[in-house]
Amino acid sequence: MANEQKPPKNTQRIMCVADLPQARSERRFEIQNGSEKPSVFTLKDRKRQITELLLNGPVYCASPVRISDVVHILKREIGLEVETRFYPGDKATGAGDYGVYFLNSKVRLLDTVGVAA
């Protein structure tokens, strides 16, 4: 079901890999869903990039980089809460409705893995 408004102005459009956060090495994240106890996860590669991308703000679902696959994995494997909100496309041009990802989990970046405090 589509919302009647447009997505926020800070919604990120990912057109190529260069649009993703560039760091891919291991990084620890603290993730909390609602009133649950926070959990710590170590993420690297594309999982880290997409988590940091979602931390930066909403993200258009459709992407040539196929971020939806990684969002699904993060939701399934670590319980990251990501909501998909749908918005109406431009009916005059035939463009269909589209989705935008919103991060609902509280996520906090922790120290990088292997770095002494």
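This report concerns the structure included in the present document. Note on numbering: residues in each chain are counted from 1, in written sequence order. Note on the predicted model: pLDDT of at least 70 is required for a residue's local features to be given, and 80 or more for side-chain atom pairs to be given and counted; whole-chain, interface and lining totals, by contrast, use all residues. Side-chain figures throughout are based on the complete set of non-hydrogen atoms in the structure, without hydrogens or water.

1. Quick look at the packing of helix H1 (residues 45–55) against helix H2 (residues 67–78)
So the rule is basically this: Here an axis means a line fitted to C-alpha atoms, over the contact stretch when the element is a helix, while the angle between two N-to-C directions is reported on a 0 to 180 degree scale. Helix numbering and strand numbering both begin at the N terminus, where a helix is a DSSP run of H or I of at least 4 residues and a strand a DSSP run of E of at least 2. For classification purposes, angles smaller than 35 degrees are called roughly parallel, those larger than 145 roughly antiparallel, those between 65 and 115 roughly perpendicular, and all remaining angles oblique. What makes two residues a contact is simply this: any of their non-hydrogen atoms within 4.5 Å.
At a minimum axis separation of 10 Å, H1 and H2 run at an interaxial angle of 90 degrees. With respect to each other, H1 and H2 are oriented roughly perpendicular. Contacts between H1 and H2 pair Arg46, Lys47, Ile50, Thr51 and Leu53 from the former with Ile67, Val70, Val71, Ile73, Leu74 and Glu77 from the latter.

2. Observations regarding the pattern of salt bridges
Condition: Criterion for a salt bridge: a side-chain nitrogen of Lys or Arg within 4 Å of a carboxyl oxygen of Asp or Glu. Whether a residue is buried, partly exposed or exposed follows from its accessible area with a 1.4 Å probe, protein chains only, as a fraction of its type maximum: under 20%, in between, or over 50%, in that order.
Using the criterion set out here, one finds eight salt bridges in the structure. Among the ionic pairs, glutamate 77 bridges to lysine 47, the shortest N-O distance being 2.7 Å. Remark: lysine 47 occurs in helix H1 and glutamate 77 occurs in helix H2; sequence separation between them is 30 residues. With relative accessibility at 46%, the residue glutamate 77 sits in the partly exposed group. Close ionic contact of arginine 66 with aspartate 69 constitutes a salt bridge, the shortest N to O distance being 2.5 Å.

3. With respect to the nonpolar core
Keep this limit in mind: Buried Ala, Val, Leu, Ile, Met, Phe, Trp, Tyr and Cys residues that are joined via side-chain atoms within 4.5 Å together make up what is termed a nonpolar core.
In this structure, Ile50, Ile67 and Leu80 are the most contacted members of the largest nonpolar core, which totals 20 residues. At the level of elements, strand S1 (27–32), H1 and H2 are the ones that each hand at least two residues to this core. In contact with isoleucine 50, not counting residues within four places along its chain, are Leu20, Ile67, Val70, Val71 and Leu74.

4. Digging into the sheet that holds S1
Let me state the cut-off plainly: At least two DSSP bridges between two strands are needed for those strands to be called paired.
Taken in spatial order, the three strands line up as S2-S1-S6 in an open sheet, and their pairing is antiparallel. Looking at strand neighbours, the two that pair on one side only are strand S2 (39–43) and strand S6 (106–112), the edges of this open sheet. Neighbouring strand axes in the sheet, compared pairwise and without regard to direction, differ in orientation by 30 degrees on average. One ladder, built from five bridges, connects S1 with S2; its direction is antiparallel. Along S2, the bridge assignment pairs isoleucine 31 with serine 39.

5. Examining the packing of aromatic side chains
As a reminder of what qualifies: Here a Phe, Tyr or Trp ring, Trp counted by its six-membered ring, pairs with any other such ring whose centre lies within 6.5 Å, and the pair is stacked when the planes are under 30 degrees apart, edge-to-face when over 60, and tilted otherwise. A ring is considered to have a charge above it if a Lys NZ or an Arg CZ atom is located within 6 Å of its centre and within 35 degrees of its normal.
This structure, assessed with the given rule, holds two aromatic pairs. Consider the rings of tyrosine 60 and tyrosine 98, whose centres lie 5.7 Å apart with planes at 40 degrees: the pair is tilted. Of the two residues, tyrosine 60 is situated in strand S3 (residues 59–60) and tyrosine 98 in strand S5 (residues 98–103); the sequence distance between them amounts to 38 residues. Accessibility expressed as a relative area gives 15% for tyrosine 60, which makes it buried. Members of the aromatic cluster, connected to one another through ring pairs, are Tyr60, Tyr87 and Tyr98. Above the plane of the ring of tyrosine 60 lies arginine 13, whose end atom (NZ or CZ) is 4.0 Å from the centre.

It is worth stressing that arrangement in space is one thing and function is another; only the former is reported here.
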